[in-house]
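Structural features, examined
In case you want the letters, here they are:
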Amino acid sequence: MDPVLAATLGGAVGLVIGAVAVVATRWSERSSADPEPEEPPLPRGVGEVLSVLRSIAVVLDASDAVVNTSASAVSYGLVRHGELVHSELRHLARQVRRDGMIREAELDLTRGPNTDASAVMRVRVAPLAVSHVLVLAEDHTQARRVEEVRRDFVANVSHELKTPVGGISLLAEAVLDAKEDPQAVQRFAERILVESARLTRLVQEIVDLSRLQVADTLHEPELVDLGVVVAEAVDRVRVGAESRDIELALLADEGLRVFGDGELLTTAVTNLVTNAVNYSGSGTRVGVRARRSGDAVEVTVTDQGVGIPPAEQERIFERFYRVDEARSRATGGTGLGLAIVKHISNNHGGEVGVWSQEGRGSTFTMTLPAAADRPIADDEPGRPRPVPSEEKSSA
């Protein structure tokens, strides 16, 4: 072989071997370097566990992005477009990720971007993996509302009981001071009777309302003739209405029947009629109408009284709420009558509403599910017993 050609071939082979050696060296260095850290995966079964939890559940990664969530988190407005909405929750998640300590808090969180509605959330945040965080939340809005209602109820009961009890105490002292004056003693004694009757009525209505709230539903509903219920309720109020020259007009369709408690329904209608009479002027008319409306039965009580301002109409079914304090106290009202009507209606699967305009009177409507049409016997349980005329006259 030509020496020049052999030298050229040897040089080329050497260059190839050198290049291969360099590439191999660099590949070896790269393969021996530490691999880039990767986000550790979530523990197996996390998705299945979240799907059966009653609490709202959200899993966040190291960048606070949502990697798994329950459907309720979206419906409650906690998660939107794959991100945790509320900065308070993100702040808690970062604290837990930093020190690994479980944290709990109760937060008032909005339920959407364009709404004033909010929810009270009891939140628990815990580490789930190296950098993942689990956020659990429960809606405690109703529990807080119940607690506020309970506190208000206790405060209102205490206040309402102080008035008649204090009045009776003062009147008793006045009787002792005026024991030498028979006319003064008689006047003070009559006032004591009025205050004691008011106290008795207040205590009874508090007991009735408490029972209705505890019961929630009727245990043994019976078939009730609503025509008899409405007639009995009107008769209970008739004497008081006539003393104030207020006409009571009753119109009830035949065959109106519902399942429930006859005495409770009579109490509800009586409260509505009494309320109408108390807030009506002399020489006016109160109308009571009972009729069938589709699959429901409606009892409406209409008066020509002073009416209710629109701002007050949403609150009149609250316990101890009075639109006109002076008139209510003058008529002996306790502020519980309409609250009792509301609970009786709800316990019978119905509802009660009001239409009113100042200066034009009010109309209260109690709607109840109608029972299946069938005859009702006179001695069937659940039918209110009408009071005979001789019993009424002697009462």
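Refer to the structure presented above.
In short, a report on the structure. (Residues numbered from 1 in each chain as written. Predicted model: local features only at pLDDT ≥ 70, side-chain atom pairs only at ≥ 80, totals over all residues. Heavy atoms only, no water.)

1. What to know about the overall build of the protein chain
From N to C terminus, the protein chain includes twelve helices and 14 strands. In the protein chain, the proportion of contacts linking residues at least 24 apart, taken out of those at least 6 apart, comes to 62%. For the protein chain, the computed accessible surface area is about 23400 Å², with 54% contributed by carbon and sulfur atoms. (Helix = DSSP H or I, 4+ residues; strand = E, 2+ residues; numbered from the N terminus. Contact = heavy atoms within 4.5 Å. Areas by Shrake-Rupley, 256 points an atom, 1.4 Å probe, with all protein chains shown as cover.)

2. Looking at helix α7 (residues 226–243)
Helix length check: α7 (18 residues) gives 27 Å between terminal C-alpha atoms against 26 Å at 1.5 Å per residue, within 8%. For α7, the principal kink sits at V237 and spans about 45 degrees. Burial in α7 covers these residues: L226, G227, V228, V229, V230, E232, A233, V234, V237 and A241. In this structure, the buried side of α7 is in contact with β8 (222–225), β9 (247–252), β10 (257–260), α8 (262–278), β11 (285–293) and β12 (296–302). (Expected span 1.5 Å × (residues − 1). Bend = angle between axes of the 7 residues up to and from the residue. Buried < 20%, exposed > 50% of the residue type's maximum accessible area, 1.4 Å probe, protein only.)

3. A look at the packing of aromatic side chains
In this structure the tally under the stated criterion is one aromatic pair. Of note, R187 hangs over the ring of F188, and the distance from its end group to the ring centre comes to 5.2 Å. (Phe/Tyr/Trp six-rings, centres within 6.5 Å; stacked < 30°, edge-to-face > 60°. Lys NZ or Arg CZ within 6 Å of the ring centre and 35° of its normal.)

4. What to know about the nonpolar core
L226, L265, V273 and V277 are the most contacted members of the largest nonpolar core, which totals 36 residues. For this core, the elements supplying multiple residues, two or more each, are α7, α8, β11, β12, α11 (337–347) and β14 (361–369). Once you skip the residues sitting within four places of it in the chain, V273 turns out to touch V237, L248, V288 and V301. L89, A105, V135 and A137 belong to the second largest nonpolar core, which has 23 residues in total. (Core = buried A, V, L, I, M, F, W, Y, C linked by side-chain atoms within 4.5 Å.)

5. Here's the deal with α8
The first and last C-alpha atoms of α8 sit 24 Å apart over 17 residues, in line with the 24 Å expected at 1.5 Å per residue. The element α8 is extensively covered by neighbouring structure, given that 13 of its 17 residues are classed as buried. Regarding α8, its N-cap is D261, as a side-chain oxygen of that residue lies 3.0 Å from the backbone nitrogen of E263 further along. (Polar contact = N/O pair within 3.5 Å; in protein donor to acceptor, adjacent residues only side chain to side chain.)

6. Some thoughts on the environment of A174
The residue A174 is located in helix α5 (residues 141–177) in this model. Exposure remark for A174: the relative accessible area of 18% places this residue in the buried category. Along the backbone, A174 and F188 are 14 residues apart, and their C-alpha atoms lie at a distance of 7.1 Å.

7. A word on the sheet that holds β12
Judged by pairing direction, the sheet is mixed, and its five strands sit side by side in the order β9-β11-β12-β14-β13 without closing on themselves. Lying at the two open borders of the sheet, with one neighbouring strand each, are β9 and β13 (351–357). Taking the axes of each pair of neighbouring strands and ignoring which way they run, one obtains an average angle of 15 degrees across the sheet. Sheet topology places β9 next to β11; six bridges connect them, and they run parallel. Its bridge partner lying in β11, A249 is registered against G287. Here α7 sits on the sheet and contacts β9, β11 and β12; the angle it forms with β9, its principal contact strand, is near 175 degrees. Across the sheet, α8 touches β9, β11, β12 and β14, and the angle it forms with β14 is around 170 degrees. (Pairing = 2+ DSSP bridges. Axes fitted to C-alpha atoms, helices over the stretch in contact; angles between N-to-C directions.)

8. Quick notes on the pattern of salt bridges
For the structure shown, the criterion picks out 13 salt bridges. D99 serves as the salt-bridge partner of R103, at 2.7 Å between the closest nitrogen and oxygen. Counted as one network, the salt bridges with shared partners bring together E106, D108, R122 and R144. (Salt bridge = Lys/Arg side-chain N within 4 Å of Asp/Glu carboxyl O.)

9. Concerning unusual backbone geometry
Look at D64: it is not a glycine, yet its phi comes out positive at around 65 degrees. Topologically, D64 is positioned in the loop between β1 (56–60) and β2 (66–69). For D64, a relative accessible area of 9% translates into the label buried. Even without a glycine there, the phi angle at D245 is positive, about 60 degrees. Given the relative accessible area of 51%, D245 is considered exposed.

10. So, the sheet that holds strand β5 (residues 103–110)
Read from one edge to the other, the open sheet built from five strands follows the order β2-β1-β7-β6-β5, with strand pairing classed as antiparallel. Each having just a single partner strand, β2 and β5 make up the two edges of the open sheet. Along the sheet, successive strands turn relative to each other by an average axial angle of 25 degrees, direction set aside. As defined by bridge partners, β5 adjoins strand β6 (residues 118–127) across eight bridges and the pair is classed as antiparallel. Residue pairing across strands places L107 opposite M121, the latter belonging to β6.

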